[in-house]
2 protein chains.
Amino acid sequence: MGELSTGLRRGTLEFCVLAMVEVEDRYGNEIVRRLGDEPNLAAGEGTIYPLLSRLRRSGWLESKWVESPSGPPRRYYGLTAAGRSALEHFRSEWVSFRQTVDRLVGTGETA
Amino acid sequence: MGELSTGLRRGTLEFCVLAMVEVEDRYGNEIVRRLGDEPNLAAGEGTIYPLLSRLRRSGWLESKWVESPSGPPRRYYGLTAAGRSALEHFRSEWVSFRQTVDRLVGTGETA
DNA sequence: GGACCTACCTTGCGTCGCAAGGTACCGTGT
DNA sequence: ACACGGTACCTTGCGACGCAAGGTAGGTCC
């Protein structure tokens, strides 16, 4: 049944990316590296670049090209108003979802 | 970008089903109905039946046919030893994953 | 025997994670 | 000048899975 966390990422990863961009504008490779530090969310370029394109087409992210101090130019992403409200919507949805799963599968903690 | 919770279910739904079966043996239609009560996890037959087949083929569930007091026979599912340990594994993975997402997207609660 | 409920399962489609492959810019060393 | 390695972008092809829709059949009631 494949890697366990692969499935968990679905539907969550995109909002983690939105949240990272919310803090400050970021570029693709930076996002890949930062996510690499999170064992549960590590995702390669082949995941992130298509995801960023989708978010751009959905109107949740906008991008601008910025020259790098050393190396090829970078595409920086920033949150749009729609992206911000989508993220807000996810935050409340996530809390509710997380509680449901906690209750059903039971975490061992006393509910 | 489709229904929000559709993506969230991915990778979680199967373990919620395992957890339901852990409590006591259950049959397909019962599982569909019970999940229907959970707004975040509601899934139709077209989702659950293939999922149960996968879990059976993975060796996490076993099944036996039982006559219904009224209606067609039911296929009851029970947890195997492998299924039980997969569920245990998920429980710890889930806690870790949940915390990572909470930290990254921020729930508004004070960390 | 017709209508309806219950219960099972399959088909076809779309989305998305991901490995692998591809292009191009830049700096450094020779 | 040229090769090499690092950075940064993107695409292709595949597989997994949620899901709507469609299909079969047993049971009950009138």
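Going by the structure above, here's the rest.
Residues numbered from 1 in each chain as written. Chains lettered and ligands numbered in written order. Predicted model: local features only at pLDDT ≥ 70, side-chain atom pairs only at ≥ 80, totals over all residues. Heavy atoms only, no water.

**Focus on the side chain of Thr80 of chain B**
Residues and elements named next belong to chain B. Position of Thr80 relative to the elements: it lies in the loop between β3 (74-79) and α5 (81-105). Engagement of the side chain of Thr80 in a polar contact is seen with the backbone oxygen of Gly59, the distance being 2.6 Å. A polar side-chain atom of Thr80 sits 3.0 Å from the main-chain amide nitrogen of Gly83. What Thr80 contacts, discounting residues up to four positions off in sequence, is Gly59, Trp60, Leu61 and Glu62. (Helix = DSSP H or I, 4+ residues; strand = E, 2+ residues; numbered from the N terminus. Polar contact = N/O pair within 3.5 Å; in protein donor to acceptor, adjacent residues only side chain to side chain. Contact = heavy atoms within 4.5 Å.)

**Some words on the environment of Gly44 of chain A**
Residues and elements named next belong to chain A. Tracing the sequence through the fold places Gly44 in the loop between α3 (28-36) and α4 (45-57). Overall, the relative accessible area of 38% leaves Gly44 in the partly exposed class. Expressed as a C-alpha distance, the spacing of Gly44 and Val21, which sit 23 residues apart in the sequence, is 17 Å. (Buried < 20%, exposed > 50% of the residue type's maximum accessible area, 1.4 Å probe, protein only.)

**Quick look at the protein's contact with DNA strand D**
The environment of DNA strand D is formed by 26 residues, the closest being Asn29, Arg74 and Arg75 of chain A together with Arg9 and Arg10 of chain B. In this structure, a phosphate oxygen belonging to DNA strand D sits 2.5 Å away from a side-chain N or O atom of Arg74 of chain A. Where the surface near DNA strand D is concerned, the elements lending two or more residues are α3, α4 and β3 (74-79) of chain A together with α1 (4-9) and α4 (45-57) of chain B. Of the residues belonging to the surface near DNA strand D, the class tally is 11 nonpolar, 7 polar and 8 charged. (Near = heavy atom within 4 Å. Nonpolar A, V, L, I, M, F, W, Y, C, P; charged D, E, K, R; others polar.)

**Thoughts on the relation of the copies chain B and chain A**
The transform that puts chain B on chain A rotates by 180 degrees and translates by 0.0 Å along the axis, for an RMSD of 0.0 Å. On the angle and the small slide along the axis, the relation comes out as a two-fold axis. Distance from the rotation axis, computed per C-alpha, reaches its smallest value in chain B at Arg10 of chain B: 3.0 Å. Counting the interface residues of chain B, we find that 100% of their copies in chain A are interface residues as well, pointing to one common contact surface. (Least-squares fit on C-alpha atoms with pLDDT ≥ 70 in both.)

**Focus on the pairing of β3 of chain A**
All names here are of chain A. Pairing analysis gives 2 bridges linking strand β1 (residues 26-27) to β3, with the strands arranged antiparallel. Looking across to β3, one finds that Tyr27 is bridged to Tyr76. Alignment of strand β2 (residues 61-66) against β3, held across 6 bridges, turns out to be antiparallel. Opposite Trp65, over in β3, you have Arg75 as the bridge partner. (Pairing = 2+ DSSP bridges.)

**Digging into the interface of chain B and chain A**
Of the residues lining the interface, 38 residues belong to chain B; the matching set on chain A comes to 39 residues. For the pair chain B and chain A, the two sides together bury roughly 3,800 Å², of which 68% comes from carbon and sulfur. Here chain B is connected to chain A by 4 salt bridges. The closest approach of N and O atoms between Arg103 of chain A and Glu38 of chain B, which form a salt bridge, is 3.0 Å. The interface formed by chain B and chain A contains 14 residue pairs in polar contact (both at pLDDT 80 or more). Secondary-structure elements contributing two or more residues to the side of chain B that touches chain A are α1, α2 (13-23), α4 and α5 of chain B. For the side of chain B that touches chain A, the element with the highest residue contribution is α5 of chain B, accounting for 15 residues. (Buried area = accessible area lost by both parts, 1.4 Å probe. Salt bridge = Lys/Arg side-chain N within 4 Å of Asp/Glu carboxyl O.)

**Some thoughts on the sheet that holds β1 of chain A**
All names here are of chain A. Spatially, 3 strands are ordered β1-β3-β2 in an open sheet, and the strand pairing comes out antiparallel. Pairing within the sheet leaves two strands with one partner each, and these edge strands are β1 and β2. Across the sheet, helix α2 (residues 13-23) is in contact with β1, β2 and β3; its angle to β3 comes to roughly 95 degrees. (Axes fitted to C-alpha atoms, helices over the stretch in contact; angles between N-to-C directions.)

**Observations regarding the protein's contact with DNA strand C**
Residues in contact with DNA strand C amount to 25 residues; listed here are only the nearest, Arg9 and Arg10 of chain A together with Asn29, Arg74 and Arg75 of chain B. Those atoms of DNA strand C that come within 4 Å of the protein belong to sugar or phosphate at a rate of 65%. Interatomic distance of 2.6 Å between a side-chain N/O atom of Arg9 of chain A and a phosphate oxygen of DNA strand C. Asn29 of chain B has a polar backbone atom sitting 2.6 Å from a phosphate oxygen of DNA strand C.

**Focus on the environment of Ala42 of chain A**
All names here are of chain A. You can see Ala42 is positioned in the loop between α3 and α4. Taking the C-alpha atoms as reference points, Ala42 and Glu14, separated by 28 residues in sequence, lie 12 Å from one another. Excluding residues that lie within four positions of it along the chain, Ala42 makes contacts with Arg9, Leu35 and Gly36.

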